[in-house]
Amino acid sequence: MSPDRPATPPPAPRTATHPAPRFNPPAVPVVAAPMAGGPSTWQLAAAVSAAGGIGFIAGGMRPVEGLVQDVDAARQATPAPFGVNLFVPEPANTAIPAERSAPGSEARRRRAAEVAAYRSSLLPEAERLGVDPGDLPAADALDPDATDGWDAKLDAAEAGRWPLVTFTFGLPAAEVFRRLHASGSVLGVTVTTAAEAARALKHGADLLCVQGPESGGHRSVHDPAAAPETTALGDLLAEVRAAVGPSVPLFAAGGIMDADGVRAVLAAGATAAQCGTAFLRADQAGTSALQRAALDQVAAGTRFARDDGSARTALTRAYSGRWARGLENGFMREHADAPAAYPEVNDLTKPLRAAATVAGDPESVSLWAGIGAARTRTAPAEQILESLTP
């Protein structure tokens, strides 16, 4: 932690029966979605929150030390509340049947064999990109139970009294919700079905992010082996609202790129719209130069675009082992049979993605974006938020 940043104060004492904090809707009903891997900087989160929405810092796939520094920096930049999103690792995901994750089980042996076969299929990609095959992790060195610093991040959230924490990639145990409620956090879960929504509330969620199939980036299907649902956001939002009742705050995510889209989900029962792709080209976003260039091309209709001018996107497991939507490229088409194995596949492709980025090769790197990618624009985050304000 930088010496010029104040130390995070210890949590205020609370009893185990202390009620959960109450979520206060933002003045502007727009949430800047957490986008792991670079786009969601603390500067973007602070800018959106300071302008009346809710910004998010993405906590997945990064060390806890940098995450804590970013939270402190955002707090110094604005007194407005913002959120932190955490990936739920498989060992902490209650949606995965225990027999499927047991060491030595038939499911684990089958998974290991699929990962080994997938590694072999990536060797021609490594040669083409100039990556030494030895730089790809050996299949037996990949750990399906890697936790992404889960315990340390929960400790940091508790100690820092992070105001809003959301979970994606699964459903933590109820004890996690009780623990962070006691330190003052409002807690949310990303869901893709009404059944997931009901279970999240049972565990202690205060709010839900309802993620439709139009969304860019990873689908937060709680059971990573399950096929993602295809119910459009509007219908899914109605199903979830019917299942959870009128009082639960809902963020609606999926293809929302303008004020009309925000108005539509608010009219359908959402508390706020959660927008990620719309902020990918924000000045404060950490989106890579390669992805910004690809989005420029999509907006101009010169690449990754359909005949009608819309973005050509698709779902894939090729890069991470979890279903995610991005601009459709050659790597996705070539490796459509990638196994359901996160984080192993993510670790396998990391050297390839790094080499493709250095080479400026958009056909070989993940370009996460939703169906509205052709409508992104370069502007300060405050202006993008204004364009989304109903």
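Residues numbered from 1 in each chain as written. Predicted model: local features only at pLDDT ≥ 70, side-chain atom pairs only at ≥ 80, totals over all residues. Heavy atoms only, no water.

Student: How do you make sense of the pattern of salt bridges when you look at a structure like this?
Tutor: As a working rule, side chains carrying opposite charge can pair if their charged atoms are close by. Scanning all chains against the criterion turns up 20 salt bridges. Ionic pairing is found between arginine 128 and glutamate 125, a salt bridge with its closest N-O pair at 2.7 Å. Of this pair, arginine 128 and glutamate 125 both sit in helix α4 (residues 106-129), separated by 3 residues, roughly a single helical turn. For arginine 333, the salt bridge is made with glutamate 363, and the minimal N-O distance between the two is 3.8 Å. Residue arginine 333 is located in helix α11 (residues 330-334), and its partner glutamate 363 is located in the loop between α12 (344-359) and α13 (381-388); the two are separated by 30 residues in the primary sequence. Accessibility expressed as a relative area gives 45% for arginine 333, which makes it partly exposed. Judged by its relative accessible area of 22%, glutamate 363 falls in the partly exposed class. (Salt bridge = Lys/Arg side-chain N within 4 Å of Asp/Glu carboxyl O. Helix = DSSP H or I, 4+ residues; strand = E, 2+ residues; numbered from the N terminus. Buried < 20%, exposed > 50% of the residue type's maximum accessible area, 1.4 Å probe, protein only.)

Student: Sorry if this is basic, but what is going on with the confidence of the model for the protein here?
Tutor: Low-confidence regions, as indicated by low pLDDT, have predicted coordinates that should not be scrutinised in detail. Per-chain confidence: the protein averages 94 in pLDDT, with 95% of residues scoring 70 or above. Contacts of residues 1-18 to residues separated by more than four positions or lying in other chains number 32 contacts, the stretch itself having pLDDT below 50. (pLDDT = per-residue confidence, 0-100. Contact = heavy atoms within 4.5 Å.)

Student: Mind showing me how you'd approach the pairing of strand β9 (residues 272-275) here?
Tutor: One face of the sheet, then the other: side chains in a regular strand alternate in exactly this way. Side chains of β9 alternate between two faces, with Ala272 and Gln274 and Ala273 and Cys275 buried alike. For strand β1 (residues 30-32) and β9, the ladder comprises 3 bridges, and the chain directions are parallel. Pairing of alanine 32 across the sheet is with cysteine 275, part of β9. Each parallel crossover has a hand, and for strand β8 (residues 250-253) linked through helix α9 (residues 259-267) to β9 it is right-handed. (Pairing = 2+ DSSP bridges. Right-handed = clockwise from strand over helix to strand, strands pointing away.)

Student: I'm lost on the sheet that holds strand β2 (residues 56-58) in this one. Help?
Tutor: To summarise the sheet geometry, strands pair through backbone hydrogen bonds and adopt either a parallel or an antiparallel arrangement. Strand order in this open sheet of 8 strands is β1-β9-β8-β6-β5-β4-β3-β2, and the pairing throughout is parallel. Because the sheet does not close on itself, it has two edges, and the strands there are β1 and β2. In this sheet, neighbouring strand axes are inclined to one another by 25° on average, regardless of whether the strands run parallel or antiparallel. Bridge count between β8 and β9: 3 bridges; the pairing is parallel. When the bridges of β9 are listed, phenylalanine 251 appears paired with alanine 272. Sitting on the sheet, helix α2 (residues 64-77) touches β2 and β3 (83-87), and the angle it makes with β2 is about 165°. Relative to strand β5 (residues 186-191), helix α7 (residues 194-203) is tilted by about 160°, and along the sheet it contacts β5 and β6 (207-211). (Axes fitted to C-alpha atoms, helices over the stretch in contact; angles between N-to-C directions.)

Student: Explanation requested: the nonpolar core in the structure shown.
Tutor: Core analysis: the largest hydrophobic core is formed by 97 residues, its most contacted members being Trp162, Phe167, Val189, Leu208, Phe279 and Leu327. Apart from residues no more than four positions distant in its own chain, phenylalanine 167 is found in contact with Asn85, Leu86, Val88, Trp150, Leu154, Pro172, Val176, Phe177, Leu180, Gly188, Val189 and Thr190. Counting 11 residues, the second-largest nonpolar core is a separate cluster that includes Leu164, Phe251, Ala253 and Ala272. (Core = buried A, V, L, I, M, F, W, Y, C linked by side-chain atoms within 4.5 Å.)

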